[in-house]
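# Tertiary structure, described
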Amino acid sequence: MNSEPSWDFYRSFLTVLQHGSLSAAARELGLTQPTIGRHVDALELAIGAELFTRSPNGLLPTDAALALKPYAETLAATTAALLRTASSQRERVAGTIRISASEVIAVEVLPAILGPLQDAHPELQIELSASDAIEDLVNREADIAVRMAEPQQDALVVRRIGDIPLGFHAHRRYLERYGIPQSVADLAHHRLIGFDRQTAYVRLVMKRYPVPDGIKFAYRTDSNLAQLAAIRAGVGIGLCQIGLAQENADLVHLLADAFNIPLGTWVAMHESLKSSPRCRVTFDALVNGLQDYYRYSTRTG
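Remember, it's a predicted structure, so these values are computed and weren't measured experimentally. (Residues numbered from 1 in each chain as written. Predicted model: local features only at pLDDT ≥ 70, side-chain atom pairs only at ≥ 80, totals over all residues. Heavy atoms only, no water.)

### Considerations on the overall build of the chain
- From N to C terminus, the chain includes 11 helices and 11 strands.
- Relative to its 301 residues, the chain shows a buried fraction of 44%.
- Here the analysis covers contacts within the chain between residues at least 6 apart in sequence; of these, 74% occur between residues at least 24 apart. (Helix = DSSP H or I, 4+ residues; strand = E, 2+ residues; numbered from the N terminus. Buried < 20%, exposed > 50% of the residue type's maximum accessible area, 1.4 Å probe, protein only. Contact = heavy atoms within 4.5 Å.)

Structure follows, in structure tokens:
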């Protein structure tokens, strides 16, 4: 008799871990609460350890549950990749494809590309991961990725889009109140929008484009989307993609001759997906759409 726990047990366990209660997990998975409870009990019996303790705030994970969590997450990612692959084994463009892209690109640029793609291929389903974290294409955490760093892994199909330009921008409302900086040094007298932590990318930018002494960020957030929203709201001066700023007549490009950062952009997928109709069509749509965006950014910038 096979005593290995069913994948259903791990799925229920992971969902309880994510939502903190049996009832919430049941709603998420479309199962009954007793069924979720039986799955957790069966997994506890199989591993010989308690996974949750009850508290006024719901079910709290034990040390055993936290130790199992990364493995359950790996199982979930692998199962999702398996289903996406299985759904693509037809000649027509159909099934699910997972795309990874930075927050700003995913929210501001890709919808205009992916909407027409789905109009042309109604059976194509898209999962869009909007995150500045890099998902592993070799291990199939995503099918296709739009990267702002050149992919280094082997066995990838990669197309370089170009250097999307970034520049300092501010809303006219802010500039009417505080004036227009005429030099980089003038930024010391303005409210700057920037990062809360010095990530690898931020350190690289500061190394290539040294910031003069006395210039500090008055509005800090690690989210590029939050920075863009603050610029649009007139909070202060910040960096954003020139192509996005050109779509808003109230955003003014500042110090264009003195400060311009190229943001290298690539589209990549695993070479084993070249024969998949859904991946091939989506890859081509992303490359063509992002190249159009790049040309627009550099033409109007």
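### Comments concerning the pattern of salt bridges
- A complete count under the given rule lists 7 salt bridges for this structure.
- For the salt bridge of E73 with K69, the shortest nitrogen-to-oxygen distance reads 3.9 Å. Taken as a pair, E73 and K69 lie in helix α4 (residues 63–87) at a separation of 4 residues, close to a single helical turn.
- Here R278 makes a salt bridge to D143, at a shortest N to O gap of 3.4 Å. (Salt bridge = Lys/Arg side-chain N within 4 Å of Asp/Glu carboxyl O.)

### Remarks on the pairing of strand β5 (residues 144–147)
- Of the two faces of β5, the one lined by I144 and V146 and the one lined by A145 and R147 are each fully buried.
- Of the pairings in the sheet, the one linking strand β3 (residues 95–101) to β5 comprises 2 bridges and is parallel in character. Residue I99 lies in a different strand from β5, and its bridge partner there is I144.
- Looking at chain direction, β5 and strand β11 (residues 261–270) are connected through 4 bridges and run antiparallel. In the strand pairing of β11, I144 is matched with M269. (Pairing = 2+ DSSP bridges.)

### Quick look at the packing of helix α1 (residues 7–19) against helix α2 (residues 22–29)
- Packing of α1 against α2 brings their axes to within 8 Å, and their N-to-C directions diverge by 120°. Comparing the axis directions of α1 and α2 gives the class oblique. Taken as a pair, α1 and α2 cross one another with a handedness that is right-handed. The segment α1 lies against α2, with R11, S12, T15, V16 and H19 engaging L22, A24, A25, E28 and L29. (Axes fitted to C-alpha atoms, helices over the stretch in contact; angles between N-to-C directions. Parallel < 35°, antiparallel > 145°, perpendicular 65-115°, else oblique. Left-handed = near helix turned anticlockwise from the far one by under 90°.)

### Some remarks on the nonpolar core
- The biggest cluster of nonpolar side chains holds 50 residues, and the ones touching the most others in it are I105, L110, I237, L254, V267, L286 and L290.
- Looking at this core, you find at least three residues from each of domain 2 (95–162 + 264–298) and domain 3 (163–260).
- Setting aside residues no more than four positions away along its own chain, L286 makes contact with I99, L110, I113, L114, I144 and V267.
- Among the nonpolar cores identified, the runner-up in size contains 17 residues, and F13, V16, L17 and F52 belong to it. (Core = buried A, V, L, I, M, F, W, Y, C linked by side-chain atoms within 4.5 Å. Domains from an automatic or database assignment.)

### Description of the packing of aromatic side chains
- Within this structure, the stated rule accounts for 3 aromatic pairs.
- Taking the centre distance of 5.8 Å and the plane angle of 50° together, the rings of F13 and F52 count as tilted. With a gap of 39 residues between them, F13 in helix α1 and F52 in strand β1 (residues 52–55) connect regions that are remote in the sequence. The residues F13 and F52 share a single accessibility class, namely buried. (Phe/Tyr/Trp six-rings, centres within 6.5 Å; stacked < 30°, edge-to-face > 60°.)

### Details of α1
- Along its 13 residues, α1 runs 18 Å from first to last C-alpha, staying within 8% of the 18 Å computed at 1.5 Å per residue.
- Listing the buried residues of α1 in full gives Y10, S12, F13, L14, T15, V16 and L17.
- You can read the cap of α1 off the contacts: a side-chain oxygen lies 3.0 Å from the backbone nitrogen of D8, and it is on S6.
- Just downstream of α1, G20 is the residue with a positive phi angle, here 85°. (Expected span 1.5 Å × (residues − 1). Polar contact = N/O pair within 3.5 Å; in protein donor to acceptor, adjacent residues only side chain to side chain.)

### With respect to unusual backbone geometry
- Residues other than glycine seldom take positive phi values, yet L255 does so here, at roughly 50°.
- Tracing the backbone shows L255 in the loop between β10 (251–254) and β11.
- For L255, a relative accessible area of 12% translates into the label buried.

### A word on the layout of surface pockets
- Considering only enclosed or pocket space, the second largest pocket measures out at about 220 Å³ in volume.
- For the second largest pocket, the full set of lining residues is W7, R11, L14, T15, Q18, H19, E28, L29, E73 and A76.
- Those elements that place two or more of their residues in the lining of the second largest pocket are α1, α2 and α4.
- For the lining of the second largest pocket, the element with the highest residue contribution is α1, accounting for 6 residues.
- The residue inventory of the lining of the second largest pocket, partitioned by class, reads 4 nonpolar, 3 polar and 3 charged. (1 Å grid on protein atoms, 1.4 Å probe; cavity = no way out; pocket = protein on both sides within 12 Å on 5 of 7 lines; lining within 4 Å. Points joined across faces, edges and corners; volume = space filled by probe spheres on them. Nonpolar A, V, L, I, M, F, W, Y, C, P; charged D, E, K, R; others polar.)

### Details of the side chain of Q291
- Residue position: Q291 is located in helix α11 (residues 277–300).
- On the basis of relative accessibility, which here comes to 17%, the residue Q291 falls in the buried class.
- For Q291, the contacting residues outside a window of four places in its chain are R159, R160 and I161.

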